[in-house]
Structure formats: C-alpha cells, structure tokens
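# Analysis of the macromolecular model
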Amino acid sequence: MREIVLTGLNHKTAPVETRERLAFSASEAKEALGALRARPEIDEVMLLSSCNRVEVLMAARDCDAAVAASKAVVADFKGLPQADFESCLYTHHDNAAVRHMFRVAASLDSMVVGEPQILGQVKGAYHLAASEKASGPLLNRLMHRTFHVAKRVRSETGIGDSAVSISYAAIELARKIFGSLEGRKILLVGAGEMAELAVEHLIQHQAGDIFVANRTLERGVELARRFNGSAIALEELPEALKEVDIIISSTGSPTYVITRDMVKQGVKSRKGRSIFFIDIAVPRDIDPAINRLSNAYVYDIDDLKEVIDGNIESRNVEAVKAERIVEEGVVAFARWVEGLHTVPTIKAMRSKVGAIAECEVEKTLASLTGLSDEERAAIRRMGQAIVTKVVHDPIRFIKDGCHNRDESRALSYARSIFNLDE
C-alpha cells in the first residue's frame, strides 16, 4: 500500500542563503520532476519551489527509501553535498504530511500568514506534476482536497482580510526607514505579481516617481503605464541608481541583477544621499556586499520577518478557525485513505455473492418454460437486488470498523465469514 511522505525546508528551518541555492526555476522544476519520477523508489511526486520553501511531496511503498532518493536527486541536480542542507530538512509522514500540505496551501505556514500567493504556487506545482504524469491517484486526490480546504479557509475565516504580503512588508520596511514615502523615487526591478502588489501599496502611501525595470521591456511598460510610472531597460539600471531612493527587486534571475560595482559608481553621484535596497527575490537579486558601501543599505527577505511579525498578531483568532478547518480536512482524507484498504475485500465479497446468485438464477431460469424475455430480465434484476441487500450490512460493518480504528479485525471477520481467502 502506498503512503504519503513529504520532505523539504522552508523559511523557518533554512536561511535565505540555503534556500536560494536549492530554489528551482520553472524549467529546472520540470527537469528535476522528471529525475524524481524516474527513481523506482518514488511512485508519485510533486515538487514545490517558492521563495520561502522547497518541498518534495511523494507517494511510495517505502517512504524512507523515497525520502533518501529525493535527497539524492536534489543534491545531484543542484551540485551540492547533502550535508550542506540535510540539517535544514523536515520530513512528514501520512496524516502529518497531509496536514502540512493543507496548512501550506491555506497560508498558515507562510512567512506572512494569510498571504494569497502561495496557493497559486501550489496549484502551479500540481499542474506541472499532473501534466508530466508524475502524480497519480493518491496525490491527485490529496491535491484536490488541498484546494478545497484552502478555499474553505479563505471563505470561512478572515485570515485573508486586509491581506499583507511580502511586497506589503517591503513597503512597510521602506516607510520605517524614511518615515514617509511621499515624494520618494522608487525603482521596481521585475514586473511580476510581487511588483504589482508593491506598486499598489506605494500609490496608497503617495510615493513619488515610480520606475519599472524588467528583462522584457514590454512587460515593464505595461505595468508602468497602469500606474502612471516609467519603464526603463535593465541596461539603464546604473544610471537610475543615481536618482532613486528605494529599489525593490523581485526577479527570477539566477544571478545578481544589481552588483556592488554597479552601485559603487552610482553612489559617487548621490552626494551623500542614502539609497535603500529591498530584495524580495530568492535567489537574491542584489549583492549583499553593497552593504559595505557608504550610505547604501540592503535588506533581504529574511530581514522582513520583523515587519511581518507585527502583522501576524491580528490574525491569531482567524488562524485558530483555519486550523480547525485543516484538521477536519485531515480527518476526512484519512478516512478516504483508510477506505482504500477495504476496497479489495468489498469487491471480493460482492463478486462472490454475485456469482452465487447468478448461478442459482440461471439454474432456475433453465428449469422454467414459457417465460417471456421481460419476465426473465425481471428475475435477473431480482437476483441482483438480493445481492445488494445481502452485502449491505457486511459492507457497513467493514466501513464502521475502518472509521473506528478497528479495520484489521473487521476485515478479518468479513473475509472469514465469506471464506474469501480460499
């Protein structure tokens, strides 16, 4: 029987330096998923990689072997010794793995409790697993229940009310630094979802000129136009650094987008004016060595934790309600999994009683003459109805035993009474 197991690391167990070394881009995730799926120890698999976590969700007959295989694949793919990240890993089995998955999708395990982005990332990871045929019946069912639980948490609690996000925390940090953002020139590097959220918050705080730099200029122009900002090419970054006050970066680049040398040139033209960098990308976009330059300050995603902690206090009551919904989901999924154990016995019981009834009905029909086709069909339907009624109570006995944690005894009794092991 396959079991569910999950292994990975997140912002609670690993610093950003480790997370960025293990982060998978979209193309890398597809390739790594293929490598995981190819391992015989793993029957089904899904890979989730975001700025705050890298997790491998699996279904396997030998969970310990599957976990070992996943570690080996990740280490080989990233060219890292397992010793470099093994101490940061956690592993969850069965109900604990299900609970963890539900909590992740419901944003209860996020750096910002209630943030909405993680559900989209989980859906993306599942879509990739399904399209690559890496998931199967067990993980498919689990993920459908995961999305159902996450939807309930969103609709039945206030955990997402006035939702904060990493982007919001970045703006809050900028406000703490300057006291007010009014009139401050802001440069956004990257034009993805986080950048959009950041722009919305900046406008609310009456920021000054907003510039958007993106690898694809058209996308940067599109975002800038929506918010009356200006788009620039990445090649114009060194010149822009001479003018702007705050840079918020969130690209998917595997290397630094803003280097120390780039900033060093711009600082000379600033005449002592401070410049602040807020890096919300993993892998990081901004070289931390910039901190060593005069009047230049770099904050990465882990530095946002203090800002985020202040927003969590107001959500504790709603989080309690959300945890209850998660637990209800775990119980329901566990019952479904336990029910899988009973399916072979129930099928065998139906088959045996059905075969006996069919044999006796056909014997009876053979001894009767003058019956019409409709009458013969009616007798056969009566035989099928008797089978359904005969097995109804035994099936309920088996399922009740399963739900009452006495599954093995219920199955043993049923198999003995119907002599199914002959």
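The rules behind each value
- Residues numbered from 1 in each chain as written.
- Predicted model: local features only at pLDDT ≥ 70, side-chain atom pairs only at ≥ 80, totals over all residues.
- Heavy atoms only, no water.
- Buried < 20%, exposed > 50% of the residue type's maximum accessible area, 1.4 Å probe, protein only.
- Helix = DSSP H or I, 4+ residues; strand = E, 2+ residues; numbered from the N terminus.
- Pairing = 2+ DSSP bridges.
- Core = buried A, V, L, I, M, F, W, Y, C linked by side-chain atoms within 4.5 Å.
- Contact = heavy atoms within 4.5 Å.
- pLDDT = per-residue confidence, 0-100.
- Phe/Tyr/Trp six-rings, centres within 6.5 Å; stacked < 30°, edge-to-face > 60°.
- Lys NZ or Arg CZ within 6 Å of the ring centre and 35° of its normal.

## Here we look at the pairing of strand β2 (residues 44–50)
Counting buried positions over the 7 residues of β2 gives 6, a clear majority of the element. Pairing between β2 and strand β3 (residues 53–60): 7 bridges, direction antiparallel. Residue pairing across strands places Glu 44 opposite Ala 59, the latter belonging to β3. Counted between consecutive antiparallel strands, the loop separating β2 from β3 contains 2 residues.

## Some thoughts on the nonpolar core
Counting residues in hydrophobic clusters, the biggest one holds 65 residues, and the most contacted among them are Leu 57, Met 101, Val 122, Leu 142 and Met 143. Per-element tally for this core: the top contributor is helix α6 (residues 137–156), with 8 residues. Excluding anything up to four places from it in sequence, Met 143 contacts Met 46, Leu 57, Met 101, Val 122 and Tyr 126. Membership of the second largest hydrophobic core comes to 36 residues, among which are Leu 202, Ile 210, Val 212 and Ile 301.

## Describing the confidence of the model for the protein
Residue-level pLDDT values for the protein average 87, and 95% of them are 70 or greater. Considering each helix and strand of the protein separately, the mean pLDDT is smallest for helix α12 (residues 305–312), with a value of 68, and largest for strand β4 (residues 90–93), with 97.

## Here we look at the packing of aromatic side chains
In this structure the tally under the stated criterion is 4 aromatic pairs. A ring pair is formed by Phe 276 and Tyr 297, whose centres lie 5.0 Å apart and whose planes are at 20 degrees; its orientation type is stacked. With Phe 276 in strand β9 (residues 275–279) and Tyr 297 in strand β10 (residues 296–299), this pair connects stretches of sequence that are 21 residues apart. Residue classification places Tyr 297 among the partly exposed residues on the basis of a relative accessible area of 34%. Taken together, a centroid distance of 5.5 Å and an interplanar angle of 35 degrees make the contact between Phe 333 and Trp 336 tilted. Taken together, the positions of Phe 333 and Trp 336, both in helix α13 (residues 316–367) and 3 residues apart, correspond to about one turn of that helix. Residue classification places Phe 333 among the buried positions, given a relative accessible area of 2%. It is Lys 78 that lies over the ring of Phe 24; its NZ or CZ is 4.7 Å from the centre. Over the aromatic face of Phe 147 sits the side chain of Lys 123, whose NZ or CZ is 5.7 Å from the ring centroid.

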